[in-house]
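# Remarks on the overall topology
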Amino acid sequence: MNKNNRKKFSPESLVVADGHDPMGVLNSLKNPIFQTSTFMFNTAEEGKAFFDAYKEAGTLEERNKSLIYSRLNHPNLTAAEFRLAQLDGASDAAFFESGMAAISTTIMTFCKSGDLILMSSPLYGGTDTFIKRTLNQYGVEWVEFEQSASKEEIKELIRKHPKGSNLKMIYLETPANPTLALTDISIFANLKEELKSNDIHPVLAVDNTYLGPVFQKPLSCGADLNLYSATKYIGGHSDVIAGACSGKEELIQQVKNLRTTLGCMASPFTSWLVTRSLETVTLRMEKQADNASKLAEFLKSHSKVQKVFYLGFLSESDPQHQIYKNQQTSAGAMMAFEVIGGEEEAFCFLNNLELVKLAVSLGSTETLASHPYTMSSSNMTEADRIKNGITESLVRVSVGIENPHDLISDFDQALNQI
């Protein structure tokens, strides 16, 4: 599609109709898988020109004209990145072979020895471990704020920290995994501007995995970078491991430079699968969110359920309600609930599910249930788990696209085994 015509259409349409040129691939309506490690130059002069062009490439068209080697770029990668950028309202995007590859590469792009990361809590267990136990071996320090902390209290945390003047990244995860705790992105966008007066210039990165590219747009709230485990809603079929980062072009190009060095770009097949899935992400997520609202209502009144964590249940008196209304267009399809009891009762429920699958991960077409305390959050310290409400009775649920009455029936019979 001519880039001048793109302004006529919405991101939801461009993510289906654009991203590759059929005329360049024998008029194939869908982009083929370019399963090649390298690309041929017609002349040595062309090879030189391609390397020069790649260093300066800023658009999809420019990158496709400078195909060199699949660790640098390939047509499936650029198509996937174009489509995600449309949905996120970003000027560029980068895909990786896993969510942790996207997160770790992005953090390492901007944080070096002697630098500081300000982080929300809780974070996904893998991210928490990477920041607290891996980066600290390389001299990168961290400080986390309580969910209830005010902007002034957070500024004081930075001021008191010995590395406060070297704050290079503010890392948020909202909604948080698995408790759905919300963080106001705009507060940190404002904080970032205020810190400039002290010559502190952090990058504001937001993990948007729980709401995908459909129900929340962190970049429009002031974030610089938008991170995903693309395995989840973006992939959406439990058949691909991938990660992504989107945002401002000058920042994404820095991320891509390190990605090239580390060699963690998404492969042609991974990129092809992601491109396919992006075409249906809105349809899938809307169905999943509708199913989740029905299931949450059922769980809310079940005699074996102590508490349901679902964003659609936030009362207007809850301070998080306004964040939800300002940042999101839906409650999404993630929830958690506490059974009455502890680990034994939670396991009893999980072991008796018939339709719903007992598995980690989320955002797929099938409904998944898991036990964060002993599974996805088990690499966090016990103190951190308890502090953040990740208890032995907590069950996490990612709602899929099945018949909602069947889901409710399955949850009911499994709960009644407790």
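Structure: see above.
Everything in this summary refers to the structure shown in the same document. (Residues numbered from 1 in each chain as written. Predicted model: local features only at pLDDT ≥ 70, side-chain atom pairs only at ≥ 80, totals over all residues. Heavy atoms only, no water.)

## Comments concerning the packing of helix α4 (residues 75-88) against helix α12 (residues 268-278)
Defined as follows: Note on geometry: axes are lines fitted to C-alpha atoms, helical ones only across the stretch in contact, with angles between N-to-C directions running from 0 to 180 degrees. Numbering goes from the N terminus for both helices and strands, where a helix is a DSSP run of H or I of at least four residues and a strand is a run of E of at least two. Crossing handedness is read from the near helix: turned anticlockwise from the far helix by less than a right angle, it gives a left-handed crossing, and turned clockwise, a right-handed one. Contact definition: two residues touch when any of their heavy atoms are within 4.5 Å. Three classes are used: nonpolar for Ala, Val, Leu, Ile, Met, Phe, Trp, Tyr, Cys and Pro, charged for Asp, Glu, Lys and Arg, and polar for all others, with Gly counted as polar.
At a closest axis distance of 8 Å, the pairing of α4 and α12 adopts a crossing angle of 35°. For the pair α4 and α12, the sense of crossing is left-handed. Between α4 and α12, the contacting residues are Asn76, Leu77, Ala79, Ala80, Arg83, Leu84 and Leu87 on the first element and Pro268, Ser271, Trp272, Val274, Thr275 and Leu278 on the second. Split by residue class, the contact of α4 with α12 holds nine nonpolar, three polar and one charged.

## A short note on the nonpolar core
In a soluble, globular protein the nonpolar side chains are often hidden away together inside. Stated precisely, the cut-off is as follows: Throughout, nonpolar core names a set of buried Ala, Val, Leu, Ile, Met, Phe, Trp, Tyr and Cys residues whose side chains join them through atoms within 4.5 Å. Burial here depends on accessible area, computed with a 1.4 Å probe over protein chains only, as a share of the maximum for the residue type. Under 20% is buried, over 50% is exposed, and the range in between is partly exposed.
Formed by 88 residues in total, the largest nonpolar core has its most connected members in Phe95, Leu118, Leu299 and Phe337. It is helix α13 (residues 281-300) that provides the largest number of residues to this core, a total of eight residues.

## So, the packing of aromatic side chains
Definition in use: Under the pairing criterion, centres of Phe, Tyr and Trp rings, with the six-membered ring standing for Trp, must be within 6.5 Å; the plane angle then separates stacked pairs below 30 degrees from edge-to-face pairs above 60, leaving the rest tilted. The criterion for a charge sitting over a ring is simple: Lys NZ or Arg CZ within 6 Å of the ring centre, and within 35 degrees of the ring normal.
Taken as a whole, this structure holds eight aromatic pairs when the rule is applied. Geometrically, the ring pair formed by Phe269 and Trp272 is stacked, given 6.2 Å between the ring centres and 15° between the ring planes. Here Phe269 pairs with Trp272, and both are found in helix α12, just three residues apart, close to one helical turn. The class of Phe269 is partly exposed, set by a relative accessible area of 43%. Both rings, one in Phe349 and one in Phe411, keep their centres 5.4 Å apart while their planes meet at 50°; by these two values the pair is tilted. Of this pair, Phe349 sits in helix α15 (residues 343-351) while Phe411 sits in helix α17 (residues 404-415); the two residues are 62 residues apart in sequence, bridging distant segments of the chain. Exposure class is identical for Phe349 and Phe411. Each is buried. Three or more aromatic residues link up through ring pairs in this structure, and these residues are Phe41, Phe50 and Phe51. Over the ring of Trp142 we find Lys132, and its NZ or CZ is 4.8 Å from the ring centre. The ring of Phe313 carries Lys300 above its face, with NZ or CZ at 4.3 Å from the centroid.

## Some details on unusual backbone geometry
Cis geometry is adopted by the peptide bond preceding Pro122, which originates at Ser121 and carries an omega value of 5°. Along the chain, Pro122 falls in the loop between β2 (116-119) and α6 (125-134). The omega angle of the peptide bond from Thr174 to Pro175 is -5°, so this bond is cis rather than trans. As for its placement among the helices and strands, Pro175 is situated in the loop between β4 (167-173) and α8 (185-195). Positive phi values are uncommon outside glycine, yet Leu180 reaches one of about 70°.

## Notes on the pattern of salt bridges
Applied cut-off: When a carboxyl oxygen of Asp or Glu lies within 4 Å of a side-chain nitrogen of Lys or Arg, that pair is called a salt bridge.
By the definition in use, this model includes 20 salt bridges. A salt bridge links Asp290 to Lys294, with the nearest nitrogen and oxygen atoms 2.7 Å apart. Separated by four residues within a single helix, Asp290 and Lys294 lie in helix α13, roughly one turn from each other. Lys387 is paired through a salt bridge with Asp384; the nearest N and O atoms lie 3.8 Å apart. Taken as a pair, Lys387 and Asp384 lie in helix α16 (residues 382-387) at a separation of three residues, close to a single helical turn.

## Some words on the pairing of strand β3 (residues 141-144)
Cut-off, in case you're wondering: Strands are treated as partners if at least two bridges between them are detected by DSSP. Here the term right-handed applies to a crossover when the path leading from its first strand over the helix to its second strand runs clockwise, the strands being oriented away from the viewer.
Bridge count for β2 against β3 is four bridges, and the pairing is parallel. Bridging across to β3, Leu116 finds its partner in Glu141. A crossover links β2 with its parallel partner β3, the connecting element being α6, and its sense is right-handed.

## Quick word on the sheet that holds β2
Within a sheet, adjacent strands bond to each other through the backbone by hydrogen bonds, running parallel or antiparallel. Read from one edge to the other, the open sheet built from seven strands follows the order β1-β7-β6-β5-β4-β2-β3, with strand pairing classed as mixed. Whereas interior strands pair on both sides, the edge strands pair on one side only; in this sheet they are β1 (92-96) and β3. Between one strand and the next, the sheet's axes are offset by a mean angle of 20°, whatever the strand orientation. Of the strand pairs in this sheet, strand β6 (residues 225-229) and strand β7 (residues 243-247) are connected by five bridges, and their pairing is antiparallel. Paired with Asn226 across the two strands is Ser246, which belongs to β7.

## Here we look at the sheet that holds strand β8 (residues 305-309)
Ordered by their spatial adjacency, five strands build an open sheet running β8-β9-β12-β11-β10, and the pairing between neighbours is mixed. A strand with exactly one partner marks an edge of an open sheet, and here the two such strands are β8 and β10 (357-358). Pairing between β8 and strand β9 (residues 334-339): four bridges, direction antiparallel. Directly across from Lys307, in β9, lies its bridge partner Glu338.

## With respect to the pairing of β6
Counting buried positions along β6 yields five of five residues, so the element is predominantly enclosed. Here β6 shows no split at all, with Leu225, Leu227 and Ser229 on one side and Asn226 and Tyr228 on the other all buried. The pairing of strand β5 (residues 203-207) with β6 spans three bridges and is parallel. Each bridged residue has a counterpart across the sheet, and for Val206 the counterpart in β6 is Asn226.

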